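Breakdown of the fold
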Amino acid sequence: VVLGPSMAYPQEVVNALRAKQITGFSGVPSTFVMFTQKTDWADDPGALRYVTQAGGAMGVELTRQLMSMLGAETRLYIMYGQTEATARLTFLPPEMLEQKLGSAGIPLPRVELKIVDDHDRELAARELGNVLARGANVMAGYWEDPIATATVLKDGWLHTGDRGYLDENGYLYLQGRSSEMIKTGAHRVNPEEVEEVACEVPGVTEAAAVGMPDELLGQVIHLYFSGENTEDTTKALLSYCREQLALHKVPKAFHWRGSLPRTASGKLQRYKLTLEDNEESG
């Protein structure tokens, strides 16, 4: 095990991977965004035998970039999990990456998944609903908090708070967090869909879509992004979103930030941007 440099200096991490001949590396989506955009990792990914990803859904385009950079000799594992399930619930076998691009994979051994509606009725394949999990790895409960425990553990099933669907082969496709879905007019918008499109625009390093209060629609979408802070970048974002997204998914406002707030593990903290925007408008 090698304790590497801080991810605040991604090139130094890449240098350490090469110098120490590291064979296994784990990261979150933001890790690999930095590797692809701020380092020369693509020139020489080192001696890696496998790379694993978790800590939030990874977009299809970023997955494709990683597959191209790593080459066939390095196995890329896309994974999904929660702390309440001792960290992992599913994995996408590397040999299925092409066929199931965008999927979070199949359950780990002894893990069960099902998709239910808001009344806990199980749904059929490809029907979007709430993701539930059951298995020996699921927690017994939150320490000394029976009320919080009862909200997520019901009849032995962990209510993950994520939305998604299972395909005919049992592969999971995530469609965002229930609590982070943006409700604009009669529509529910997954912020990750908007963010993935935005990150395809040249000059955009990372993006976060949040719902802001609106008297007419309930919420409208604001997009925060880091990267090139130019008028051309903002115009390109608006134009590309209009081309790629349905009208109700197109952001109504764009805000540049030097970086976006994340947890120590790299997960995007959209709620901080919502608070920040409210403070600005107040």
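Our subject is the structure that appears above.
This text gives an overview of the structure that appears in the document. (Residues numbered from 1 in each chain as written. Predicted model: local features only at pLDDT ≥ 70, side-chain atom pairs only at ≥ 80, totals over all residues. Heavy atoms only, no water.)

1. Quick notes on the side chain of Asn130
The residue Asn130 is located in strand β7 (residues 129-135) in this model. Judged by relative accessible area, which is 16%, Asn130 ranks as buried. Side-chain polar atoms of Asn130 contact the side chain of Asp118, separated by 3.1 Å. Apart from residues no more than four positions distant in its own chain, Asn130 is found in contact with Lys114, Ile115, Val116, Asp117, Asp118, Asp162, Arg163 and Ser178. (Helix = DSSP H or I, 4+ residues; strand = E, 2+ residues; numbered from the N terminus. Buried < 20%, exposed > 50% of the residue type's maximum accessible area, 1.4 Å probe, protein only. Polar contact = N/O pair within 3.5 Å; in protein donor to acceptor, adjacent residues only side chain to side chain. Contact = heavy atoms within 4.5 Å.)

2. Here's the deal with the packing of helix α2 (residues 29-38) against helix α3 (residues 60-70)
Two elements in contact, α2 and α3, have axes whose closest approach is 11 Å; the angle formed by their N-to-C orientations is 55°. The pairing of α2 with α3 is recorded here as oblique in orientation. Where α2 crosses over α3, the two elements pack in a sense that is left-handed. On the side of α2, the interface is formed by Pro29, Phe32, Val33, Phe35 and Thr36, while α3 contributes Leu62, Gln65, Leu66 and Met69. Classifying every residue of the contact of α2 with α3 by side-chain character gives seven nonpolar, two polar and no charged. (Axes fitted to C-alpha atoms, helices over the stretch in contact; angles between N-to-C directions. Parallel < 35°, antiparallel > 145°, perpendicular 65-115°, else oblique. Left-handed = near helix turned anticlockwise from the far one by under 90°. Nonpolar A, V, L, I, M, F, W, Y, C, P; charged D, E, K, R; others polar.)

3. Things to note about the nonpolar core
Formed by 23 residues in total, the largest nonpolar core has its most connected members in Phe25, Phe32, Phe35, Trp41, Leu48 and Leu76. Formed by 17 residues, the second largest nonpolar core is a distinct cluster that contains Val194, Ala198, Ile221 and Cys241. (Core = buried A, V, L, I, M, F, W, Y, C linked by side-chain atoms within 4.5 Å.)

4. Focus: the sheet that holds strand β13 (residues 204-214)
Spatial strand order, β13-β14-β15: three strands in an open sheet with mixed pairing. A single partner strand is all that each edge strand has here, and the edge strands are β13 and β15 (253-256). Within this sheet the neighbouring strands show an average axis-to-axis angle of 25°, counted without direction. Alignment of strand β14 (residues 218-227) against β15, held across four bridges, turns out to be parallel. Looking at β15, one finds that Leu223 is bridged to Phe254. Across the face of the sheet, helix α6 (residues 231-244) comes into contact with β13, β14 and β15 while running at roughly 135° to β14. (Pairing = 2+ DSSP bridges.)

5. Examining the packing of aromatic side chains
The tally for this structure, following the rule as stated, stands at six aromatic pairs. A centroid spacing of 6.2 Å and a plane angle of 80° characterise the contact between Phe25 and Phe32, whose relative ring orientation is edge-to-face. As far as the burial class goes, Phe25 and Phe32 line up, both buried. Centroid distance Phe32 to Trp41: 6.4 Å. Interplanar angle 20°. Geometry classified as stacked. Across this residue pair, the class does not change: Phe32 and Trp41 are buried. (Phe/Tyr/Trp six-rings, centres within 6.5 Å; stacked < 30°, edge-to-face > 60°.)

6. Considerations on the sheet that holds strand β2 (residues 50-53)
Strands sit in the order β1-β2-β3-β4-β5 across an open sheet of five strands; the sheet is mixed. The open sheet has two free edges, formed respectively by β1 (24-27) and β5 (106-107), since each of these has just one partner strand. Relative to the sheet, α2 contacts β1 and β2, its axis offset from that of β1 by approximately 110°. Across the sheet, α3 touches β2 and β3 (75-80), and the angle it forms with β3 is around 155°.

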